[in-house]
Amino acid sequence: MALTKDELISSLQNEVRILQHLCTKIEPSMLDYRPTPKQRSTLELLRYLTNMGPQLVQGAKTGTFNVEAWTKASQEAEARDFNQTVKALAAQHDAYAALIGPMTDADFRETVNMFGTPMSRGAFIVNLVLAGCAAYRTQIFLYLKANGREELTTANLWGGADPQPA
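Residues numbered from 1 in each chain as written. Predicted model: local features only at pLDDT ≥ 70, side-chain atom pairs only at ≥ 80, totals over all residues. Heavy atoms only, no water.

Break down the confidence of the model for the chain for me, with residues and values.
Regions with low pLDDT should not have their predicted coordinates read in detail. With 99% of its residues at a pLDDT of 70 or more, the chain shows a mean pLDDT of 95. Here strand E1 (residues 111-114) stands out as the element of the chain with the lowest mean pLDDT, 92, in contrast to helix H4 (residues 82-90), whose mean of 98 is the highest. (pLDDT = per-residue confidence, 0-100. Helix = DSSP H or I, 4+ residues; strand = E, 2+ residues; numbered from the N terminus.)

Quick one: what's the story with the pattern of salt bridges, residue by residue and with numbers?
In the structure shown here, the tally under the stated rule is seven salt bridges. Of the charged contacts, one joins arginine 149 and glutamate 27 as a salt bridge, the two residues approaching to 3.4 Å between their closest N and O atoms. Residue arginine 149 is found in the loop between helix H7 (121-146) and helix H8 (154-159), and its partner glutamate 27 is found in the loop between helix H1 (5-23) and helix H2 (42-62); the two are separated by 122 residues along the sequence. Given the relative accessible area of 37%, glutamate 27 is considered partly exposed. The shortest N-O distance in the salt bridge between lysine 72 and glutamate 76 comes to 3.7 Å. Here glutamate 76 and lysine 72 lie together in helix H3 (residues 67-78), a separation of four residues that amounts to about one turn. The exposure class of lysine 72 is exposed, given its relative accessible area of 53%. (Salt bridge = Lys/Arg side-chain N within 4 Å of Asp/Glu carboxyl O. Buried < 20%, exposed > 50% of the residue type's maximum accessible area, 1.4 Å probe, protein only.)

Explain the side chain of asparagine 156 to me, and be specific about the residues and the numbers.
With respect to the helices and strands, asparagine 156 occurs in helix H8. Judged by its relative accessible area of 0%, asparagine 156 falls in the buried class. Apart from the residues lying within four places of it in its own chain, the contact partners of asparagine 156 are Ile18, His21, Leu22, Lys25, Phe141, Glu151, Ala161, Asp162 and Pro163. (Contact = heavy atoms within 4.5 Å.)

Which residues make up the nonpolar core, and what values do they have?
Of all hydrophobic cores here, the largest spans 42 residues; its most connected members are Leu12, Ile26, Ile100 and Ile125. Of all elements in the fold, only H1, H2, H4, helix H5 (92-100), E1 and H7 reach the threshold of two or more residues within this core. (Core = buried A, V, L, I, M, F, W, Y, C linked by side-chain atoms within 4.5 Å.)

Tell me about the state of the cysteines, residues and numbers included.
Throughout the structure, instances matching the rule amount to zero disulfides. The thiol sulfur of cysteine 23 is not disulfide-bonded, and the nearest other cysteine sulfur, from cysteine 133, lies at 12 Å. Judged by relative accessible area, cysteine 23 falls into the buried class, the value being 4%. Residue classification places cysteine 133 among the buried positions, given a relative accessible area of 10%. (Disulfide = S-S within 2.5 Å.)

I'd love a proper account of the pairing of strand E2 (residues 117-120), names of residues and values included.
Note that E1 and E2 share four bridges and pair antiparallel. Looking across to E2, one finds that asparagine 113 is bridged to proline 118. Between E1 and E2, which pair antiparallel in sequence order, lie two residues; one of them, phenylalanine 115, sits at a positive phi of approximately 60°. (Pairing = 2+ DSSP bridges.)

How would you explain the packing of aromatic side chains if you had to name every residue and give the values?
Any pair of aromatic rings gets described here by the distance separating the centres and the angle formed by the planes. Counted according to the given criterion, the structure contains six aromatic pairs. Centre to centre, the rings of tyrosine 48 and tyrosine 136 are 5.3 Å apart; their planes meet at 65°, and the pair counts as edge-to-face. Within this pair, whereas tyrosine 48 is found in helix H2, its partner tyrosine 136 is found in helix H7, the two being separated by 88 residues in sequence. Ring pairs connect the aromatic residues Tyr48, Phe65, Trp70, Phe115, Phe124 and Tyr136, which therefore count as one cluster. Over the aromatic face of tyrosine 48 sits the side chain of arginine 40, whose NZ or CZ is 3.9 Å from the ring centroid. (Phe/Tyr/Trp six-rings, centres within 6.5 Å; stacked < 30°, edge-to-face > 60°. Lys NZ or Arg CZ within 6 Å of the ring centre and 35° of its normal.)

Structure representation (C-alpha cells):
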C-alpha cells in the first residue's frame, strides 16, 4: 500500500477534523439548503457522512456490503438533529483507528469485490472512503459558499482552519 496504516488512519482522522471545522460555519438557516430539488440538503449530506466512511470500511474488512447494517445506520442518522450529527461525525476520529488499526498489511493487499469492482482492500478504502470524504467535504464547503460564507477560503477547505490574517 502506498500509505502506511498509520498514515491512512491519520488521513481519515484529518478528514474528520476538517469536516468538524466546516460544521462550525453552518448556520441553522443553511441546514435545509440544497442546490437542486434532487440533491441532498446540508443536513442530509452530513447525516449521510455519519455512515458512509465507517460503513464502507466495515464492508471492506468483511469483503461484503452489509445492506441491513447500512439501512439501520441510515435510519439512525435520519433521526439525528444537527448537533447530534456533528457529534456522530466527531466520533469517527476514534472509529477509524478502531476499525483500521487491527488490519495487517496482508489484509490491505487482499482483493475485495465490492460493488462489482475487484480491488485490494487498501485501494478500496483509499479510493472510496478517503476520496469520498474529501469529495463530500468539498460539497459541504460549496454549500457554505452558496449560502454566503464568502470569507471561507481554501484554508478552511484543505487546512480545516480559518485563514491567517494578512
